[in-house]
Amino acid sequence: MKSYSDPAAADKVTEVHEKVDKVKGLMQDNVKKILETHVSIETLQAKSADMTASADQFLKQSVCLKQQVQSRNLRVKAAFAAVTSAVGLYLLMPFFN
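Residues numbered from 1 in each chain as written. Predicted model: local features only at pLDDT ≥ 70, side-chain atom pairs only at ≥ 80, totals over all residues. Heavy atoms only, no water.

Looking only at helices and strands, the protein chain features two helices and zero strands. Within the protein chain, the proportion of its 97 residues that are buried is 0%. (Helix = DSSP H or I, 4+ residues; strand = E, 2+ residues; numbered from the N terminus. Buried < 20%, exposed > 50% of the residue type's maximum accessible area, 1.4 Å probe, protein only.)

The structure is reproduced here in structure tokens:
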């Protein structure tokens, strides 16, 4: 009781309690920020996984489309060669008779 009856000692105790409360508040804010950051990191990881899956699907589709275009180009070239040969033979037919 003697220490609490002394106003100087009471002020120091009050000062220490205020500092502890201030530090406690800061720590609570830091923990909240850490939890928010963790949630945002998890969200970013989920989005990253989705984007990776989309990129893989895009790659597969682009390879398939490339093969389709190459196949179509080959067919067009073959048709052009056949038509050119047919026209050439048609034009050369009078010379063989």
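Before going further, it helps to examine the pattern of salt bridges. Under the defined criterion, the tally for this structure stands at one salt bridge. Across the pair E15 and K19 runs a salt bridge, and its minimum N-O distance is 3.6 Å. In this pair, E15 and K19 are both assigned in helix α2 (residues 7-96), four residues apart and thus about one turn of the helix distant. On the basis of relative accessibility, which here comes to 51%, the residue K19 falls in the exposed class. (Salt bridge = Lys/Arg side-chain N within 4 Å of Asp/Glu carboxyl O.)

Treat this as a map of the structure, not an account of what it does.
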